[in-house]
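Structural features, examined
Each chain, written out:
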Amino acid sequence: MTEQHHSSTRFAYIGSYADAANPGLYTCTYDSETGKLSLIESASGLQNPTFLAVDESLLKLYALSENISAEGKRSGAIQAFDIHADTGKLTLLNTEASVTAPTCHISLDRTNQCAMVASYSGGLVGLSGLQADGHIGTIADMHQHAGSGIRPQQNGPHPHSVFVDRGNRFALVPDLGIDRIVVYALDIENLKLTPKSEVALEPGAGPRHLAYHPALPYVYVINELNSTVTAFSYEAEEGQLTEIQSISTLPQSYTGENSTADIHITADGRFLYGSNRGHDSIAVFAIDPVSGEMTFVEHASAGGKHPRNFALSPDDRFLIVANRDTDNVVTLARDAETGKLQPTGDVLELSKPVCVKFLTLA
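This one's a predicted model, so the numbers in the text were calculated from it and none came from an experiment. (Residues numbered from 1 in each chain as written. Predicted model: local features only at pLDDT ≥ 70, side-chain atom pairs only at ≥ 80, totals over all residues. Heavy atoms only, no water.)

**A word on the overall build of the chain**
When its secondary structure is counted, the chain shows one helix and 28 strands. Over its C-alpha trace the chain gives a radius of gyration of 19 Å, about what one expects of a compact globule, namely 21 Å for 362 residues. Seen along its three principal axes, the alpha-carbon backbone of the chain occupies a region of about 50 × 50 × 35 Å. The buried share of the chain, reckoned over its 362 residues, is 56%. (Helix = DSSP H or I, 4+ residues; strand = E, 2+ residues; numbered from the N terminus. Rg over C-alpha atoms; globule rule 2.2 N^0.38 Å. Buried < 20%, exposed > 50% of the residue type's maximum accessible area, 1.4 Å probe, protein only.)

Written out as structure tokens, the structure reads:
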């Protein structure tokens, strides 16, 4: 390995479904030339570390976990890890309780001063402060959603993720159970989320994750229950969303079961990717640079079953898919001009992978 190559070492961290007694959080090296992931370390002691967030500036990683309360109820927890600057390996800093139900998603604000979690089962959104040294603080704010939807999966509120906008002013929460995106005003100084507004999606859509366009005022939401992606224009001053388009993630001829999972946009803003669980594919769309509307490009095989989360590599040359039900993480090469995906042949076998996050050490 040349010194030049070593100076931009890249790592990938993978979260999974796992009992605390078994490995659940994995550290891998990432070869930026081939897209290959190589496992170098695994950590046990976490109950279902299904989702991760990385602070590149402080070299910290935050993982979801679970606690059992004094009453015997499952509740959310966050574990903070220090990332070793040379090896990428993890050292536990601390663990703190988060919301009062198990969590499914964690994200950081744009300044890495707080972590926000969503609890699908509890209908909760929570915010915890991050200390200057990267330790996770005690939970500072928690909100209970209310309502239900038309499908059996929508028997109550199910917030599925939290994403802060580029201006670090608003946090958008897709709630699968009530077919709404709930907009919160983010107050970093006081570690508060204040409900601001809501936007309704088609009944039975089931919004799950979203992605902000990197340059244009658009937001894209992937809907788990009706297998669509909805595009919104986004007015950043007020955090206001206005729907402009909704498009299916499935081929017209497909009649089987399906639910979508994750969504990402390339750094140049030209292409959008969404995962289909059932059809077991990555749906590829081109984004119009003026209108923000999507045009279908292709369906690429996920290389396994139940593609959950996936990630674009730091240079957007590869797309890495976590296939939960086939216990594999698959590398797909990406054509920068067409957006199309091809398998590289590199497959990493891990138990029930869910989430992939990258880190580049400069």
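**Observations concerning the sheet that holds strand β2 (residues 25-30)**
Strand order across the open sheet formed by four strands is β3-β2-β1-β28, with antiparallel pairing between neighbours. With partners counted over all chains shown, the strands left at the sheet margins are β3 (37-43) and β28 (353-361), one partner each. Direction aside, neighbouring strands of the sheet carry axes that sit 25 degrees apart on average. As paired elements, β2 and β3 share six bridges and run antiparallel to each other. Directly across from cysteine 28, in β3, lies its bridge partner leucine 39. (Pairing = 2+ DSSP bridges. Axes fitted to C-alpha atoms, helices over the stretch in contact; angles between N-to-C directions.)

**A word on the layout of surface pockets**
Vacant regions in the atomic arrangement are exposed by a probe of water-molecule size rolled over the atoms. As a volume, the largest pocket reaches approximately 1300 Å³. Of all the elements in the fold, those that place two or more residues in the lining of the largest pocket are β4 (52-55), β8 (105-108), β12 (163-164), β16 (207-212), β20 (259-265), β24 (307-312) and β28. As a volume, the second largest pocket reaches approximately 330 Å³. As for the second largest pocket, its lining consists of 22 residues, of which Tyr17, Thr50, Thr103, Cys104 and Arg308 are closest to the centre. At three residues, the largest contribution of residues to the lining of the second largest pocket is made by strand β5 (residues 60-68). Taken together, the residues of the lining of the second largest pocket break down into eight nonpolar, nine polar and five charged. (1 Å grid on protein atoms, 1.4 Å probe; cavity = no way out; pocket = protein on both sides within 12 Å on 5 of 7 lines; lining within 4 Å. Points joined across faces, edges and corners; volume = space filled by probe spheres on them. Nonpolar A, V, L, I, M, F, W, Y, C, P; charged D, E, K, R; others polar.)

**Focus: the side chain of glutamate 224**
Here glutamate 224 shows up in the loop between β17 (218-223) and β18 (228-235). Here the side chain of glutamate 224 touches arginine 277 through a polar contact of 3.4 Å, side chain to side chain. Once residues within four sequence positions are removed from consideration, glutamate 224 is found in contact with His160, Leu176, Ala205, Gly206, Arg208, Asn258, Ser259, Thr260 and Arg277. (Polar contact = N/O pair within 3.5 Å; in protein donor to acceptor, adjacent residues only side chain to side chain. Contact = heavy atoms within 4.5 Å.)

**Considering the packing of aromatic side chains**
By the definition in use, this model includes four aromatic pairs. Here the aromatic rings of tyrosine 30 and phenylalanine 358 are separated by 5.0 Å at their centres, their planes lie at 70 degrees, and the arrangement is edge-to-face. Note that tyrosine 30 is positioned in strand β2 and phenylalanine 358 in strand β28, a separation of 328 residues in sequence. Each member of the pair, tyrosine 30 as well as phenylalanine 358, carries the same accessibility label: buried. On the basis of an interplanar angle of 70 degrees and a centroid distance of 6.1 Å, the ring pair of phenylalanine 285 and phenylalanine 296 is categorised as edge-to-face. Taken together, the residues phenylalanine 285 in strand β22 (residues 281-287) and phenylalanine 296 in strand β23 (residues 294-301) connect sequence positions eleven residues apart. In this structure an aromatic cluster arises from ring pairing among Tyr30, Phe318 and Phe358. (Phe/Tyr/Trp six-rings, centres within 6.5 Å; stacked < 30°, edge-to-face > 60°.)

**Quick word on the pairing of strand β6 (residues 74-83)**
Taking burial as the measure, the ten residues of β6 include eight buried ones, the bulk of the element. When β5 meets β6, the two strands line up antiparallel, connected through nine bridges. In the sheet register, lysine 60 faces β6, and the bridge partner there is aspartate 82. Here β5 hands over to β6 after five residues, with glycine 72 in that stretch at a positive phi of 85 degrees.

**Describing unusual backbone geometry**
Its identity as a non-glycine residue notwithstanding, aspartate 316 has a phi of 65 degrees, on the positive side. For aspartate 316, a relative accessible area of 10% puts it in the buried group.

**Remarks on the confidence of the model for the chain**
Residues of the chain with pLDDT of at least 70 account for 98%, and the chain-wide mean is 95. Confidence drops under pLDDT 50 across residues 1-7; counting only partners more than four residues distant or on other chains, this segment forms five contacts. (pLDDT = per-residue confidence, 0-100.)

**What about the nonpolar core?**
Counting residues in hydrophobic clusters, the biggest one holds 32 residues, and the most contacted among them are Tyr13, Leu25, Leu61, Tyr62, Ile83 and Ile106. For this core, the elements supplying multiple residues, two or more each, are β1 (9-16), β4, β5, β6, β8, β9 (114-119), β10 (124-130) and β28. (Core = buried A, V, L, I, M, F, W, Y, C linked by side-chain atoms within 4.5 Å.)

**Notes on the pattern of salt bridges**
As enumerated under the stated definition, the model contains eleven salt bridges in all. Where aspartate 82 meets lysine 60, a salt bridge forms, and the shortest distance between an N and an O atom there is 2.8 Å. Here the residue aspartate 82 occupies a position in strand β6, and lysine 60 occupies one in strand β5, the gap between them amounting to 22 residues. Under the relative-accessibility criterion, lysine 60 is labelled buried at 7%. Linking arginine 277 and glutamate 224 is a salt bridge whose minimum nitrogen-to-oxygen distance equals 3.4 Å. (Salt bridge = Lys/Arg side-chain N within 4 Å of Asp/Glu carboxyl O.)

**As for the state of the cysteines**
Applying the stated criterion across every chain, the model contains zero disulfides. This cysteine, cysteine 28, is not joined by any disulfide, and cysteine 355 carries the nearest cysteine sulfur, 12 Å off. No disulfide involves cysteine 114; its sulfur sits 17 Å from the nearest other cysteine sulfur, which is in cysteine 104. (Disulfide = S-S within 2.5 Å.)

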